[in-house]
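Listed below, chain by chain, are the residues.
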Amino acid sequence: SEGRQMTQRAIDSQCGYSVESLEREIRSRGGSVTLGGSVSAATLAEVLGVSLRTIERWRELGVGPAGYRLPSGGRVFYRLVDVVAHLNAGRDRAA
């Protein structure tokens, strides 16, 4: 709805990052987002402009966004809400 879009624009202008803007950026680069709103570590690395090893190191050190591994022990994924929270927290510290 128009009211929701206006509210989202207000939030974007205050915090700089939103789940919607991050998802748009990922999709514009040919990346994919799961139905649950998550991305792979490789996709996250690409959109943030860092190496996959950097994403892995952040996870090991507990300094990046929270990630989760699939129950099958497969790839690590990151929820966009956690990525946005991490980005905005860093933005707040820098201000």
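Just above, that's the structure.
The structure displayed is predicted, hence computed values, not measured ones.

K.L.:
Please provide a residue-by-residue account of the side chain of Thr43, values included.
P.N.:
Looking at the secondary structure, you find Thr43 in helix 3 (residues 41-48). According to the relative accessible area criterion, Thr43 is buried, its value standing at 17%.

K.L.:
Please set out the sheet that holds strand 2 (residues 67-69) residue by residue, giving values where relevant.
P.N.:
Spatial ordering of the open sheet is given by 1-3-2, a layout of 3 strands whose pairing is antiparallel. Each edge of the open sheet carries a strand with a single partner, namely strand 1 (38-40) and strand 2. On average, each strand axis in the sheet is inclined to that of its neighbour by 35°, with strand direction left out of account. Where strand 2 and strand 3 (residues 76-79) come together, 3 bridges link them in antiparallel fashion. Opposite Tyr68, over in strand 3, you have Phe77 as the bridge partner.

K.L.:
Tell me about the nonpolar core, and name the residues and values.
P.N.:
Among the nonpolar cores identified, the biggest contains 15 residues, and Leu22, Ile26, Val39, Leu44 and Tyr78 are the most heavily contacted of them. Those elements giving two or more residues to this core turn out to be helix 2 (19-28), helix 3, strand 3 and helix 5 (80-94). Discounting residues that sit within four places of it in the chain, Val39 has contacts with Ile26, Ser32, Val33, Leu44, Val76, Phe77, Tyr78 and Leu80.

K.L.:
Could you give an account of the packing of helix 3 against helix 4 (residues 52-61), naming the residues involved and the relevant values?
P.N.:
The geometry of a pair of packed helices is captured by two quantities: the angle between their axes and the separation between those axes. One can describe the packing of helix 3 onto helix 4 by two numbers: an axis separation of 8 Å at closest approach and a directional angle of 110°. Here helix 3 is positioned roughly perpendicular relative to helix 4, judged by the angle of their axes. By crossing handedness, the relation of helix 3 to helix 4 is classed as right-handed. Residues Ala41, Ala42, Leu44, Ala45 and Leu48 of helix 3 pack against Leu52, Ile55 and Trp58 of helix 4.

K.L.:
Any chance you could break down the pattern of salt bridges for me, citing the residues and the numbers?
P.N.:
Summed over all chains, the structure comprises 5 salt bridges. Where Glu60 meets Arg53, a salt bridge forms, and the shortest distance between an N and an O atom there is 3.1 Å. Glu60 gets classed as exposed once you look at its relative accessible area, which sits at 57%. Judged by its relative accessible area of 38%, Arg53 is partly exposed.

K.L.:
I'd love a proper account of the pairing of strand 3, names of residues and values included.
P.N.:
Pairing of strand 1 with strand 3, which is carried by 3 bridges, proceeds in the antiparallel orientation. Paired with Ser38 across the two strands is Arg79, which belongs to strand 3. Taking the residues that link successive antiparallel strands as the turn, the strand 2-strand 3 hairpin has 6 residues, and the phi of Gly73 there is positive, at about 80°.

How each quantity is defined
Residues numbered from 1 in each chain as written. Predicted model: local features only at pLDDT ≥ 70, side-chain atom pairs only at ≥ 80, totals over all residues. Heavy atoms only, no water. Helix = DSSP H or I, 4+ residues; strand = E, 2+ residues; numbered from the N terminus. Buried < 20%, exposed > 50% of the residue type's maximum accessible area, 1.4 Å probe, protein only. Pairing = 2+ DSSP bridges. Axes fitted to C-alpha atoms, helices over the stretch in contact; angles between N-to-C directions. Core = buried A, V, L, I, M, F, W, Y, C linked by side-chain atoms within 4.5 Å. Contact = heavy atoms within 4.5 Å. Parallel < 35°, antiparallel > 145°, perpendicular 65-115°, else oblique. Left-handed = near helix turned anticlockwise from the far one by under 90°. Salt bridge = Lys/Arg side-chain N within 4 Å of Asp/Glu carboxyl O.

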